[in-house]
Amino acid sequence: MSKAEYLAKLAQKLRVIPENERRDALEYYDGYISDAEDESAAISQLGTPGEVAAIILANHFSGEEKSQSSQSPQSNEAADYTPDASESAFSGMKTALIVILSMFAAPVALPIVVVLAALGFALVMVLVSLIIAFAATAFGLFLGGLASILFFPLLLFRDFGYAVFLLGNGLISVGLGILFVKLTTVVMRGFPKISRYVSKKILGRAGHEKNRMD
Amino acid sequence: MAIQATGVLLDGCVLTLLADEDAYGYSLTQRIKSVLDVSESTLYPVMRRLQTDECLSVYDMPHNGRNRRYYKITERGLRRRDECAAEWADFKGRIDTILGGFGGGSDE
């Protein structure tokens, strides 16, 4: 990962904090990586942008709590330095935030999940019925075609024209049958691919939301 | 290293190093890292907090065609450093009253 890529990912993870704080952090890490003798080594030592962002976010939210509790800048310097208190306040606030977030998210998230599940189910059903329809069509055409071809020699001497028509008809049916077998296999082969794509879209989005919460 | 330096200890270490001379983020991190088992990303929030608490001031100096941000300890930072040192001496003393006498050998 290049420095620019790393910083872009970090910026993305820091969207939730105010612009000036984000810029400050990005400037710090920009400078940090630039000052290292080996940029790529420095990047790999820093950990993932997510890890770096997590530490910044944790401190941002605990700092917010702290600055609210000690508004006056003239307060006792020793007293307003209480890392342990602010750390426990942070974990308490984080839990509360998650609870509040999930309460707000529940009425929205639940219907979305239900709708997505229903859509997925409908898609599976559509594909299954397509496969069945194609297979049945192929089977019917084959059977009809074969029957026509088998009857051809019996009718050959009774009604030559009709017999030839029947033969042609049978060949066309068998040909179409082969085509539908092909169509069925295409849909069947595409089935896992499509479901994988759709589930990746849905799960990918869910994962993304989770990342944002992290 | 099983005991992690956090909070007041890390503040004290950073402030003491900066009392010696001004430093930029990378050099400071490397100096702390050469002694303590801290991750690269722990120091940024520490610097930022010390800055917000006005224990540090920052200034930029051109270096290789860009500005390098240096940290400089303030009067308030020096006092905080003394507090951290006192906290540590107190803590160390308390632990030593229990654990210190052991000294890796028997008491007799």
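Scope of this entry: the structure provided in the associated data block. (Residues numbered from 1 in each chain as written. Chains lettered and ligands numbered in written order. Predicted model: local features only at pLDDT ≥ 70, side-chain atom pairs only at ≥ 80, totals over all residues. Heavy atoms only, no water.)

Turning next to the overall build of chain B. A tally of helices and strands in chain B yields four helices and three strands. The order of helices and strands in chain B, counted from the N terminus, is α-β-α-α-β-β-α. By residue count, 35% of the 108 residues in chain B fall in the buried class. Taking as baseline every contact in chain B between residues at least 6 positions apart, the subset at least 24 positions apart corresponds to 52%. (Helix = DSSP H or I, 4+ residues; strand = E, 2+ residues; numbered from the N terminus. Buried < 20%, exposed > 50% of the residue type's maximum accessible area, 1.4 Å probe, protein only. Contact = heavy atoms within 4.5 Å.)

With that settled, consider the pairing of strand β3 (residues 66–73) of chain B. Residue and element names in this part refer to chain B. When strand β1 (residues 23–24) meets β3, the two strands line up antiparallel, connected through two bridges. Each bridged residue has a counterpart across the sheet, and for Ala23 the counterpart in β3 is Tyr71. The sheet contact formed by strand β2 (residues 56–63) and β3 spans eight bridges and is antiparallel. The residue bridging Pro62 from the neighbouring strand is Asn67, located in β3. Here β2 folds back onto β3 in antiparallel fashion, the turn holding two residues, of which Asn64 has a positive phi close to 50 degrees. (Pairing = 2+ DSSP bridges.)

If you check helix α2 (residues 19–35) of chain A, its first and last C-alpha atoms are 24 Å apart, about what 17 residues at 1.5 Å a residue would give, namely 24 Å. By the criterion of burial, α2 of chain A is predominantly enclosed, with twelve of the 17 residues buried. (Expected span 1.5 Å × (residues − 1).)

Attention now goes to the environment of Glu51 of chain A. Residues and elements named next belong to chain A. Mapping Glu51 onto the fold places it in helix α4 (residues 49–69). Overall, Glu51 belongs to the partly exposed group, its relative accessible area being 46%. A sequence separation of 38 residues divides Glu51 from Lys13, and the C-alpha atoms of the two residues are 9.7 Å apart.

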